[in-house]
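Single-letter residue listing:
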Amino acid sequence: MPRPPQQEPELNGALLIDKPAGPTSHDIVDIVRGLYGIKKVGHCGTLDPAATGLLILLLGRATKLSMKLTADHKVYEGSMELGRTTDSYDAQGEITATAPVPELNCAELNQAAQAFTGDIQQKPPMVSAVKKDGVPLYKLARKGKTVEREAKPVHVFSFEFTEYTASVGTFRVHCSKGTYVRSLAHELGQQLGCGAHLRTLHRTGSGMFEVADAIRLEELVKLPDEALPGRIMSLVELAHLLKPE
């Protein structure tokens, strides 16, 4: 049962969540707001429902830091399957094409992945929240429509495969904000001539924050009210971390 909005003391700062697969980023915000009666809660950097890992929540006056923290670079670990293309570029979409997968190894995948590092232009997937003439693309996709999407510049610092077995590759990506990792999977598959889609995605870092310091959602919902402040990075701590060197 939701608790009434807190009066005193007000909680201001950052709460690091290890998001499970399933809920949206907004769902996590609503859960924290409802559980602890916090009026102002926001997040830095959306994770798709199926994605897991680091989600930074900002509470109270810390929400003013959202733009600054969202702009930080991200680190992801994930896996992709070659030979199958989907409309959403991930495992949640409908399969649109299949093709034989050529003989490959990790070294060859890493060589191919180099084409998607540095400054690149990337088109968002049709199944995304990007808007076209005020309408989210995913709503158009549900109607079977495909529209031209404007490419945007992103920067991929590194894109490396660590394992490859039976058409499934495990990788690590370090990239700028706004990069669609599922688009990287799709584009790499197109380059290899067999297609590919993202199977799993786990965000391990965002700027100076790491998922190792986050609390799992299932642990957070059991946390007593009095224990919550101990999990929050204060405004003073945030200011120190954000201070230019």
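Residues numbered from 1 in each chain as written. Predicted model: local features only at pLDDT ≥ 70, side-chain atom pairs only at ≥ 80, totals over all residues. Heavy atoms only, no water.

K.L.:
If you had to explain the pattern of salt bridges to someone new, which residues and values would you point to?
P.N.:
Close approach of charged atoms allows side chains of opposite charge to pair. Scanning the model with the defined rule gives five salt bridges in all. The salt bridge involving Glu81 is made with Arg84; its shortest N-O contact spans 3.9 Å. For Glu81, a relative accessible area of 18% translates into the label buried. The partner of Glu218 in a salt bridge is Arg216, with the nearest N and O atoms 2.8 Å apart. A residue is classified by how much of its surface remains accessible, and Arg216, at 40% relative accessible area, is partly exposed. Each of Asp18, Arg216 and Glu218 takes part in a single network of salt bridges with overlapping partners. (Salt bridge = Lys/Arg side-chain N within 4 Å of Asp/Glu carboxyl O. Buried < 20%, exposed > 50% of the residue type's maximum accessible area, 1.4 Å probe, protein only.)

K.L.:
Before we move on, can you summarise helix 5 (residues 181-192) with the specific residues and values?
P.N.:
Taking 1.5 Å of rise per residue, the twelve residues of helix 5 would be expected to cover 16 Å, and the 17 Å separating its terminal C-alpha atoms lies within 8% of that figure. Helix 5 sits mainly inside the fold: nine of its twelve residues count as buried. Every buried residue belonging to helix 5 is among Val181, Arg182, Ser183, Leu184, Ala185, His186, Glu187, Leu188 and Gly189, and all of these are buried. Gly193 lies just past helix 5 and shows a positive phi near 85°. (Helix = DSSP H or I, 4+ residues; strand = E, 2+ residues; numbered from the N terminus. Expected span 1.5 Å × (residues − 1).)

K.L.:
Outline unusual backbone geometry, listing residues and values.
P.N.:
The phi torsion at Tyr89 lies on the positive side, around 70°, for a residue other than glycine. Structurally, Tyr89 is set in the loop between strand 5 (84-86) and strand 6 (95-98). Of note, the phi angle at Ala166 is positive, near 50°, even though the residue is not glycine. Among the structural elements, Ala166 can be located in the loop between strand 10 (152-165) and strand 11 (168-175).

K.L.:
Report on the pairing of strand 11, specifying residues and quantitative values.
P.N.:
Of all eight residues that make up strand 11, six are buried, and the element is covered over most of its length. Pairing geometry for strand 4 (residues 74-82) and strand 11, over eight bridges, is antiparallel. When the bridges of strand 11 are listed, Glu81 appears paired with Val168. As defined by bridge partners, strand 10 adjoins strand 11 across eight bridges and the pair is classed as antiparallel. Paired with Glu163 across the two strands is Thr170, which belongs to strand 11. With antiparallel pairing between neighbouring strands as the criterion, strand 10 and strand 11 make up a hairpin whose turn holds two residues, including Ala166 at a positive phi of roughly 50°. (Pairing = 2+ DSSP bridges.)

K.L.:
Would you mind going over the packing of aromatic side chains in detail, with residue names and values included?
P.N.:
All chains considered together, the criterion is met by three aromatic pairs. With a centroid separation of 5.5 Å and an interplanar angle of 35°, the aromatic rings of Phe159 and Phe161 are classed as tilted. Members of the aromatic cluster, each reached through a chain of ring pairs, are Phe159, Phe161 and Phe171. (Phe/Tyr/Trp six-rings, centres within 6.5 Å; stacked < 30°, edge-to-face > 60°.)

K.L.:
Now, about the layout of surface pockets: what can you tell me, with residues and values included?
P.N.:
In this structure, the largest pocket encloses a volume near 1,200 Å³. Forming the boundary of the largest pocket are 42 residues, of which Thr46, Leu47, Asp48, Tyr180 and Arg182 lie nearest the centre. Of all elements in the fold, only helix 1 (25-36), strand 4, helix 4 (137-142), helix 5 and strand 12 (196-206) reach the threshold of two or more residues within the lining of the largest pocket. Here the lining of the largest pocket is composed, by residue class, of 16 nonpolar, 15 polar and eleven charged. (1 Å grid on protein atoms, 1.4 Å probe; cavity = no way out; pocket = protein on both sides within 12 Å on 5 of 7 lines; lining within 4 Å. Points joined across faces, edges and corners; volume = space filled by probe spheres on them. Nonpolar A, V, L, I, M, F, W, Y, C, P; charged D, E, K, R; others polar.)

So, to be careful, I would describe these as geometric facts and stop short of saying anything about function.
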